[in-house]
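Okay, here's what each chain looks like letter by letter:
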Amino acid sequence: MKRYSSVLLVLILSLTASSQTKWYKFSKEFINSHYPQDSAIGELKASTVAPAKNVHRVTCGGQDGELHIGIEGTDVQDAGSAPISAGADQDSSNFGWVAEPVNLNKDAKQAAAALDGQAATFQGYYRLWNEGHDQGKTFPSNPHHVLELHPAWAFHGADQDFNDPTSIRPMQGAKNAVYSGYGASKFRPLLTSLGQEGWLHVYEDDTFVYVELPKAENFYQLPVTVNDVKEVTGGVEATVDVFSDSAHQSQVLSGLSVVANQGSRIADRLQSQDDIQFLLGIFSVNLRKAAALASGHQGRDAAVFAPSALEFFAYGVPLGNAVTSSKCTETDPGN
């Protein structure tokens with residue numbers, strides 16, 4: 001009976017995840033002009049930006065040690081004539097972007113604050129994910145969005161010049177606080193639903209690529225085994241198998257792409273085939289891969305399943321236990 005209840009719970013959670021999907025569209029012109037052919041690491045230029053006043057604390061959930069820098073969609077330069085991103089059925093869009101540097105020292109925080117109202121250029125990882133920021137209350141530093149430059153490890157303004165790839169690492173805060181991501185209780189239903197084709201379908205028209213996403217959490221901690229590793233533009237890409245237990249016995253996904261930025265410690269560890277059993281990071285859908293998979297599939301009735309477009313951007317090996325909620329009150333034992 002206990003085993004049956006566990007299976008039933010996973011099924012219920014999986015069905016819940018798949019029932020909350022939404023469709024979004026993304027400009028082919030922007031993808032072709034900004035994404036490298038082999039990665040989602042690139043550069044974004046904006047005519048004006050709006051940094052938040054405070055850096056997030058470091059605990060778990062949204063307290064992830066990052067600074068939000070908002071960019072309106074119309075302020076992105078070299079974006080083309082179509083909206084960069086929008087709801088699938090929207091003719092126009094109020095979606096913007098957020099660039100998110102992390103682990104900033106005092107000087108970098110001051111440099112980011114000085115960008116307010118200025119033009120700026122960012123280097124980082126093009127992340128596509130629905131954390132729920134496509135609706136609800138907005139701030140200049142956090143407009144409606146599903147696209148982010150998250151993380152960003154470099155920004156340049158008229159009088160500011162920050163470039164630190166090593167800043168991409170597991171977050172640490174004051175008084176030895178370390179960041180904890182979500183564990184198997186959160187990522188298992190998400191990946192189980194993916195395995196059942198509950199989300200991540202894509203299609204196209206002449207102007208846009210359309211992507212189906214669930215609403216899901218931000219940071220996760222995954223038990224993994226690392227397989228192949230290759231260099232890509234701006235970093236490395238590894239292929240991993242994901243498990244729901246620390247003993248690496250219960251596999252929930254095979255062949256997930258893991259990306260790390262060049263110059264980070266985790267990229268060096270992946271390249272050297274160092275023993276890595278756990279990774280802290282964020283899920284994303286690579287729009288370059290999504291566009292290739294959607295090619296030739298016009299209209300929603302022709303949508304195809306695109307699991308290979310899913311990626312995990314790695315910040316490093318987690319420093320603390322995984323958690324079950326954003327209140328950080330209970331650790332996740334896995335499985």
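First, a word on what this report is: a plain description of the structure on this page. Values in this document were obtained by computation on a predicted structure and should not be read as measured data.

1. What to know about the pairing of strand β12 (residues 219-232)
Phase 1: Bridging between β12 and strand β15 (residues 278-285) involves five bridges; their strand directions are antiparallel. Considered in β15, the bridge of Q221 is made with L280.
Phase 2: As paired strands, β12 and strand β13 (residues 235-243) are joined by seven bridges and run antiparallel to one another. Bridge pairing in β13 places E231 opposite V236.
Phase 3: The hairpin formed by β12 and β13 contains two residues between the paired strands, and G234 there has a positive phi angle of roughly 85 degrees.

2. Quick word on the pattern of salt bridges
Phase 1: Taken as a whole and judged by the stated rule, the model has nine salt bridges.
Phase 2: Of the charged contacts in the structure, one is a salt bridge between R127 and E148, with a shortest N-O distance of 3.5 Å. Of this pair, R127 sits in strand β7 (residues 120-128) while E148 sits in strand β8 (residues 147-156); the two residues are 21 residues apart in sequence, bridging distant segments of the chain.
Phase 3: K289 is paired through a salt bridge with E311; the nearest N and O atoms lie 3.0 Å apart.

3. Section: helix α6 (residues 287-294)
Phase 1: Within α6, the full set of buried residues consists of L287, R288, A290, A291 and A294. The arc that holds the buried residues of α6, viewed along the axis, is 160 degrees, so those residues lie on one side.
Phase 2: For α6, the side-chain oxygen to backbone nitrogen distance between the N-cap and R288 is 2.8 Å, and the N-cap itself is N286.
Phase 3: Note on α6: the residue one or two positions beyond its end, G296, has a positive phi of about 85 degrees.

4. As for helix α3 (residues 106-113)
Since there are 3.6 residues in each turn of an α-helix, residues three or four apart along the chain are aligned in direction.
Phase 1: The set of residues buried in α3 consists of A108, A111 and A112. Along the axis of α3, the buried positions cluster into a sector of 100 degrees, meaning they face one direction only. Among the exposed residues of α3, those pointing more than 90 degrees away from its buried face are K106 and D107.
Phase 2: Buried residues belonging to α3 abut β3 (50-51), β4 (69-71), β8 and β9 (161-163).
Phase 3: The opening residue of α3, the one whose side-chain oxygen lies 3.2 Å from the backbone nitrogen of D107, is N105.

5. Things to note about the side chain of S264
Phase 1: Within the element layout of this structure, S264 appears in the loop between β14 (251-261) and α5 (265-271).
Phase 2: In this structure S264 comes out as buried when scored by relative accessible area, which is 0%.
Phase 3: A distance of 2.7 Å separates a polar atom in the side chain of S264 from the backbone oxygen of N261.

Definitions and cut-offs
- Residues numbered from 1 in each chain as written.
- Predicted model: local features only at pLDDT ≥ 70, side-chain atom pairs only at ≥ 80, totals over all residues.
- Heavy atoms only, no water.
- Pairing = 2+ DSSP bridges.
- Helix = DSSP H or I, 4+ residues; strand = E, 2+ residues; numbered from the N terminus.
- Salt bridge = Lys/Arg side-chain N within 4 Å of Asp/Glu carboxyl O.
- Buried < 20%, exposed > 50% of the residue type's maximum accessible area, 1.4 Å probe, protein only.
- Arc of directions from axis to C-beta.
- Polar contact = N/O pair within 3.5 Å; in protein donor to acceptor, adjacent residues only side chain to side chain.
- Contact = heavy atoms within 4.5 Å.

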